[in-house]
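Observations on the model geometry
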Amino acid sequence: MTADLFAAASFMSTHARLLDRRRFELLLGGTDPAAVLAAVDGYRNPDGGYGWGLEPDLRAPESQPGGALHAFEAFVDAAPATTPHAARLCDWLLSVTLPDGGLPFALPVADPAGCAPFWTQADPGASALQSTAFAAGTALRLAAHDPAVAAHPWLERATRYCLDAVENIGDEPHAIELSFAIRFLDAAADTRPQATALLERLRPLIPDDGVLPVAGGSEGEAIRPLDVAPEPGRPARTLYAPEVVDAELRRLAAGQQEDGGWLVDFGSFSPAAALEWRGYRTVGAVAVLKQNSLL
C-alpha cells in the first residue's frame, strides 16, 4: 500500500485550485498555515461567510452553509494556527441559524449557473441535520485549537440541535446525512458524553462492509468507511471491523489514477467543479493515507 506523491503533486499543479494546492503543500510540509489561510480568504464575503464556489457545485457568490464547511476544513488544516475569521464565520452562521438551532441546507442564490439543483432548490426556512452537522462537526474539530470558536454561542446551539436531531434520525436516514451525523458525533464525543451513546444508536445502520449506497446519486455512488471514519483511534472508527478498514485503505491507495490524482464517484455540475472535486479528493486521499501511517 503506497501512493506516488510526486505524481499526486504533478496532478495538483496541473489541475487543482489554489486552495487545494496550498492544503496539499501544507500536508506534506511544503508551506506554512498562513498560505492556506490566505487562499481560503479569497472565498470570504464581507458578511463573514464563504461562497464563490468554495463548495465546488455551488458556484454562486453568496455565503452558504456549504461554504462554511470547506472554510472550517481549511482552518482545521491550518491548526494550531488560528484566524479571527473563524469566529466571524461563526457570527455569520448564527445570523442564519433558524429558531430551532439548525441551519438550512442552503440559502437562496441569485444566479444558479453552475450550481447543483439540490442546492438551488433547497428550502431556506427548514433546518437540515446534514448541513448543521457538517458545519458544526468540523467547527468542533477546530474548537480544540481555537478558544473563540469553542466559546461561540452558534456552536453551542448547533451542537444541541444536532444531538437532538440524531436522537430522532429514524431507521433509514440518507447515506450522506448519516455520514455527517457520524462525523459530527465523532467530534462531539471529546466534550459531550451523549455523543458516544448516540454513535452506538447508529451502529446498526452500518452494514457489515461499511458501504452506504447514496440513494438518488450517480450509478455506484456510495459513502465508504474512510469517508466517515478517516482517522485511527477515533470513536467513529469503532463502527467498522479492522479487516474492513484494512481493505478500504488498500482500495484507497490503489485508487490513484495514471495522472496522479484520485477520482470522485459522484456527478459534478460544471467542468470546473469536476476538476476541483478531484483536487479536493486527492488532498483527502493523501491525508487519510498519511493519518493511517501509510505515507
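Heads up: the structure comes first, above all this text.
Described below are features of the structure shown in this document. Since the model is a prediction, treat every value here as computed from it, not as a measurement. (Residues numbered from 1 in each chain as written. Predicted model: local features only at pLDDT ≥ 70, side-chain atom pairs only at ≥ 80, totals over all residues. Heavy atoms only, no water.)

1. Focus on the overall build of the chain
- Along the backbone of the chain there are 14 helices and two strands.
- Across the 295 residues of the chain, 53% fall into the buried class.
- Considering only contacts within the chain whose residues lie at least 6 apart along the sequence, 64% involve residues at least 24 apart.
- In the form shown here, the chain has an accessible surface area of approximately 12,700 Å², with 55% of it arising from carbon and sulfur atoms. (Helix = DSSP H or I, 4+ residues; strand = E, 2+ residues; numbered from the N terminus. Buried < 20%, exposed > 50% of the residue type's maximum accessible area, 1.4 Å probe, protein only. Contact = heavy atoms within 4.5 Å. Areas by Shrake-Rupley, 256 points an atom, 1.4 Å probe, with all protein chains shown as cover.)

2. Side note on the environment of Tyr-43
- Position of Tyr-43 among the secondary structure elements: in the loop between α3 (33–41) and α4 (65–78).
- The spacing of Tyr-43 and Ala-110 is 67 residues in sequence and 17 Å in space, taken between C-alpha atoms.
- Aside from chain neighbours lying at most four places away, what touches Tyr-43 is Arg-17, Leu-19, Gly-49, Tyr-50, Gly-51, Trp-52, Gly-53 and Leu-54.

3. Quick notes on the pattern of salt bridges
- Within the structure shown, the criterion is met by 14 salt bridges.
- Linking Arg-234 and Asp-190 is a salt bridge whose minimum nitrogen-to-oxygen distance equals 3.2 Å. Residue Arg-234 is located in the loop between α12 (225–228) and α13 (242–254), and its partner Asp-190 is located in the loop between α10 (175–188) and α11 (193–202); the two are separated by 44 residues in the primary sequence.
- Across the pair Asp-259 and Arg-278 runs a salt bridge whose closest N-O atoms are separated by 2.8 Å. Of the two residues, Asp-259 is situated in the loop between α13 and α14 (271–291) and Arg-278 in helix α14; the sequence distance between them amounts to 19 residues.
- On the basis of relative accessibility, which here comes to 35%, the residue Asp-259 falls in the partly exposed class.
- Salt bridges here are not isolated pairs; linked through shared partners, they connect Arg-17, Asp-20, Arg-23 and Asp-77. (Salt bridge = Lys/Arg side-chain N within 4 Å of Asp/Glu carboxyl O.)

4. Side note on the packing of α3 against α4
- Running from amino to carboxyl end, α3 crosses α4 at an angle of 170°, the nearest separation of the two axes being 9 Å. It follows from the interaxial angle that α3 and α4 lie roughly antiparallel. Contacts between α3 and α4 involve Pro-33, Val-36, Leu-37 and Val-40 from the former and Ala-71, Ala-74, Phe-75 and Ala-78 from the latter.
- Of the residues that constitute the contact of α3 with α4, the class distribution is eight nonpolar, no polar and no charged. (Axes fitted to C-alpha atoms, helices over the stretch in contact; angles between N-to-C directions. Parallel < 35°, antiparallel > 145°, perpendicular 65-115°, else oblique. Nonpolar A, V, L, I, M, F, W, Y, C, P; charged D, E, K, R; others polar.)

5. Examining unusual backbone geometry
- In this structure, the amide linkage connecting Ala-79 to the following residue, Pro-80, adopts the cis form with an omega of 15°.
- Examined against the element boundaries, Pro-80 turns out to sit in the loop between α4 and α5 (84–96).
- A positive phi angle, close to 60°, is found at Trp-52, a residue other than glycine.
- Counting through the fold element by element, Trp-52 comes out in the loop between α3 and α4.
- Backbone geometry places Ser-293, a non-glycine residue, at a positive phi of 60°.
- Mapped onto the secondary structure, Ser-293 falls in the segment after α14.

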